[in-house]
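The residues making up each chain are set out below.
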Amino acid sequence: MTRLAALLGLELPLLQAGMGAVAGPALCVEVSRAGAGGTLALYKEPPARAARLVREVAAGTGGRPFGVNVVPEVTGPDRCLEQLRAVLPELPRNGFVTVFGLPAEDAARAVRAAGHPLVVQVGAPADADTALARGAAVLVLQGIEAGGHLLGGQPVDPLLAAVRIRHPHAVLAVAGGIATGEDLADAVARGADGAMAGTLFVPAAESAAHPEFKRRVVEAVAEDTVITSLFEIGWPHRPHRVLRNSLTAAAERTPAAFIATTRVDGRPYPVPRYSAAAPGATTTGRVEEMAMYCGRSCTRVTAPRPAAATIVRIRQEYENARVLRAGAHTSAPAAPHRIQEK
């Protein structure tokens, strides 16, 4: 058991990323029931609906720990604090809160006062310093291999090495390049206490992603992803890794007309071209032009499995890899399997 698993009460030191349009209640419940860290995406959810979703997850996890994810740089610090004030009373005692990017001090204080571990995702050593100063119990270090919006400019390995030197006793997880139990074991061997995975769970049966999004992730390889800043409406000034499509291949930008509609609680919302929104199960229209966030680990995501089956497979691979490492500790270690950016 790693320090991440012990701190959060997990059987496997793996967190599922709180991805908007993907990480709904069904996925969070199944990942948590299987022994990993399921996470419910709150994204832009109104506080009252966010609280209702947390109650729904709590009723389904059978007492297993799970987390909620907030994104203050999208919602704004005030709305983020409103979300937290709504959901913290509903979050079970063993629940945790993950934050994409640095939380404001009052938000961090609210989580700590409620007695829940604060998990902060960062992409640079200086931000790691700030997050720990604000009371983060866990840091998730995101490398540029990861899908979605990128918090820094370093690959995950040098980022982990730099932060571990600065904070030798911190609980550190890595994000980017995690799709198998061997990947997880490699990360722990390099000094991490666990990992976070997002792309791995997009095709899951319980994922709220659109079927075309799921299909494309399963069929993709690392070279089918690209870092761009195209999908900025609703989330500006943050580069992101997505699957290539007609917009990323175009020489010129086309008008930001409405191309799709998505429904939340039965209400339709128009989606403009270049929106940061990912296509969910209720999205209709030109889904193929939307942002399909995907990390380079997609090369090893090859089938749309139920989330519990994925966790079982990763746990077996992880345990086998750990046993092999322990048995070969006197021999020269094999080079870890890594996907390198071209």
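For the structure, see preceding data.
Rules behind the numbers
Residues numbered from 1 in each chain as written. Predicted model: local features only at pLDDT ≥ 70, side-chain atom pairs only at ≥ 80, totals over all residues. Heavy atoms only, no water. Core = buried A, V, L, I, M, F, W, Y, C linked by side-chain atoms within 4.5 Å. Buried < 20%, exposed > 50% of the residue type's maximum accessible area, 1.4 Å probe, protein only. Helix = DSSP H or I, 4+ residues; strand = E, 2+ residues; numbered from the N terminus. Contact = heavy atoms within 4.5 Å. Salt bridge = Lys/Arg side-chain N within 4 Å of Asp/Glu carboxyl O. Pairing = 2+ DSSP bridges. Axes fitted to C-alpha atoms, helices over the stretch in contact; angles between N-to-C directions. Left-handed = near helix turned anticlockwise from the far one by under 90°. Nonpolar A, V, L, I, M, F, W, Y, C, P; charged D, E, K, R; others polar.

**Q** Which residues make up the nonpolar core, and what are the values?
**A** Core analysis: the largest hydrophobic core is formed by 104 residues, its most contacted members being Leu 14, Leu 15, Val 68, Leu 139 and Phe 201. In terms of residue count, the dominant contributor to this core is helix H12 (residues 307-327) (five residues). Those residues in contact with Phe 201 that lie beyond four places of it in its chain are Leu 14, Gln 16, Met 19, Val 22, Leu 27, Val 31, Ser 207, Thr 310 and Ile 311.

**Q** Give me the lowdown on the pattern of salt bridges, citing residues and values where you can.
**A** Applying the stated criterion to the full structure yields 21 salt bridges. One salt bridge in this structure joins Glu 11 and Arg 64, with 3.2 Å as the shortest N-O distance. In this pair, Glu 11 sits in the loop between helix H1 (3-8) and strand S1 (14-16) while Arg 64 sits in the loop between helix H3 (47-60) and strand S3 (67-70), placing the two residues 53 residues apart along the sequence. Residue Asp 129 pairs with Arg 166 through a salt bridge whose shortest N-O separation is 2.3 Å. Of this pair, Asp 129 sits in helix H7 (residues 125-133) while Arg 166 sits in helix H8 (residues 156-166), and the two are 37 residues apart along the sequence. Under the relative-accessibility criterion, Asp 129 is labelled partly exposed at 26%. Residue class for Arg 166 comes out partly exposed when judged on its relative accessible area of 43%.

**Q** If you had to explain the sheet that holds strand S14 (residues 284-285) to someone new, which residues and values would you point to?
**A** Pairing is antiparallel in the open sheet, where three strands are placed in the order S13-S12-S14. Since the sheet does not close on itself, it has two edges, and those belong to strand S13 (267-272) and S14, each with one partner. Here strand S12 (residues 258-264) runs beside S13; their pairing, made up of six bridges, is antiparallel. Counted as the bridge partner of Phe 258 is Pro 272 from S13.

**Q** Requested: an account of the packing of helix H2 (residues 25-33) against H3, with residues and values cited.
**A** The interhelical angle for the contact between H2 and H3, taken along N-to-C directions, is 30°, at an axis separation of 9 Å. In this structure, H2 crosses over H3, and the sense of that crossing is right-handed. Residue-level contacts link Pro 25, Cys 28, Val 29 and Arg 33 of H2 to Leu 53, Glu 56, Val 57 and Gly 60 of H3. Each residue belonging to the contact of H2 with H3 can be placed in one class, and the counts come to five nonpolar, one polar and two charged.

Any link to function would need more than the numbers given here.
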